[in-house]
Amino acid sequence: MKKIMLVFGTRPEAIKMCPLVLEARSRDCFETIVCVTGQHREMLDSVLQAFHVTPDHDLSIMDSEQTLYDISQKVVTGIRRVIESEKPDITLVHGDTTTTFAAAVSCFYSGVPVGHVEAGLRTYNIRSPYPEEFNRQAVDAIADLCFAPTETSRENLLREGKRPDTIFVTGNTGIDALRTTVRDDFKHPDLDWASDSRLVILTAHRRENLGNPMRRIFSAIRRVVDEHPDLKVIYPVHLNPAVAEAADGAFAGHPRIRLRAPLDVLSFHNFIARSYLILTDSGGIQEEAPSLGKPVLVLRDTTERPEGVAAGTLKLAGTGEAAVYESFKALVTDGVLYKSMSNASNPYGDGFSSKRIADVLMKWLNCK
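Model, not experiment: these values are computed from the prediction.

Q: So what's going on with the nonpolar core? Which residues, and what values?
A: Ranked by size, the top nonpolar core spans 33 residues in total, and within it Leu 202, Phe 218, Ile 221, Tyr 235, Leu 277, Leu 279 and Phe 328 carry the most contacts. Among the secondary structure elements, those contributing two or more residues to this core are β8 (198-203), α9 (212-227), β9 (231-236), α10 (241-251), β11 (277-280), α14 (321-333) and α15 (335-342). For this core, the element with the highest residue contribution is α9, accounting for seven residues.

Here it is, written out as structure tokens:
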């Protein structure tokens, strides 16, 4: 029996890794070890509960006002101790967080092979998004196996010199999660509040958007909502105090913009499913929303998911007030544009990515 260790620490990682944990645990040839770092705490725990995943190791690194230095140091040394205890045959990490980078480095130092789930995403601007673009490039340099969600991601890796036999196009495991979380009978008081309107879901939290970019984005959103009384916005506000302060300053007291605590993954996916459109600076939502036929305005200047832009499911709105305002207003007023984006084909997979990854691991580890 081969030992597979999966390491993750944030809510977005957990959403995309839990389906893979469940698939790996269904294979008799694997001993599956789950190690969480706790880079996010409450938000991570809610995802674990939703998927009924209990970690074997929890580094519990989260601290108030933690920095990238703090996270990196704690994860590198914490994962080293887990590796020495568990001696995994391969460790799987996901995406582009500081947990992902530091865990991969720790495995590299310990001589443990690394499999990178969601490999090959690129903006080729090392500071946008920050620090994620650096993290994913560094992890791909270390990885023995690269699980690319799309052909575009695979082509990025090939151009960078990765061997073709180490790259596998699997789709995105985030789509796997939607197969279990979205439910026809889901109900929530916030959805009842918005039932007489076109519901817009807003998320905004990225480091590079803090400060003036976020204020410009929020000002544009408020202008459009003020002009269209049939719109209601629900904004699950990130726990970062700087984000909460900006959200309160822009939206507090608005009768049709509701600020609320972060949603658990089951609720959030069902909110998306019942929305009219999405405004976000998130990465994962750029994949999830198109799977549910929801247009996405990306509140960033760059995206590592160009497949969605090419397919017509995403539009880069930037962070300037005028650009966000015009993009948002166009989707609200132009029915032809809205229909073309909502009906565009989803380029990110069919919900069976975890199975494909597990099949590759079985062959690579020579287990049956």
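Q: Can you tell me about the state of the cysteines, naming the residues and giving the values?
A: In the structure shown here, the tally under the stated rule is zero disulfides. With no disulfide of its own, Cys 367 lies 3.3 Å from the sulfur of Cys 29, the closest cysteine sulfur. Residue classification places Cys 367 among the buried residues on the basis of a relative accessible area of 9%.

Q: Run through the side chain of Asn 135, naming residues and quoting values.
A: When you line up the elements, Asn 135 lands in helix α5 (residues 132-142). Note on Asn 135: relative accessible area 3%, which makes it buried. Residues in contact with Asn 135, not counting those within four places in the same chain, are Asp 96, Thr 97, Thr 98 and Phe 101.

Q: Any details on the packing of aromatic side chains? Residues and values, ideally.
A: Counting across every chain of the model gives eight aromatic pairs. A ring pair is formed by Tyr 276 and Tyr 338, whose centres lie 4.1 Å apart and whose planes are at 5°; its orientation type is stacked. Of this pair, Tyr 276 sits in the loop between α11 (265-273) and β11 while Tyr 338 sits in helix α15, placing them 62 residues apart in sequence. Accessibility assignment for this pair places Tyr 276 and Tyr 338 in one class, buried. Its end group placed over the ring of Tyr 325, Arg 223 keeps NZ or CZ at 3.9 Å from the ring centre. Positioned over the ring face of Trp 193 is Arg 258, at 4.3 Å from the centre of the ring.

Conventions adopted
Residues numbered from 1 in each chain as written. Predicted model: local features only at pLDDT ≥ 70, side-chain atom pairs only at ≥ 80, totals over all residues. Heavy atoms only, no water. Core = buried A, V, L, I, M, F, W, Y, C linked by side-chain atoms within 4.5 Å. Buried < 20%, exposed > 50% of the residue type's maximum accessible area, 1.4 Å probe, protein only. Helix = DSSP H or I, 4+ residues; strand = E, 2+ residues; numbered from the N terminus. Disulfide = S-S within 2.5 Å. Contact = heavy atoms within 4.5 Å. Phe/Tyr/Trp six-rings, centres within 6.5 Å; stacked < 30°, edge-to-face > 60°. Lys NZ or Arg CZ within 6 Å of the ring centre and 35° of its normal.

Any functional reading would require information beyond the geometric quantities listed.
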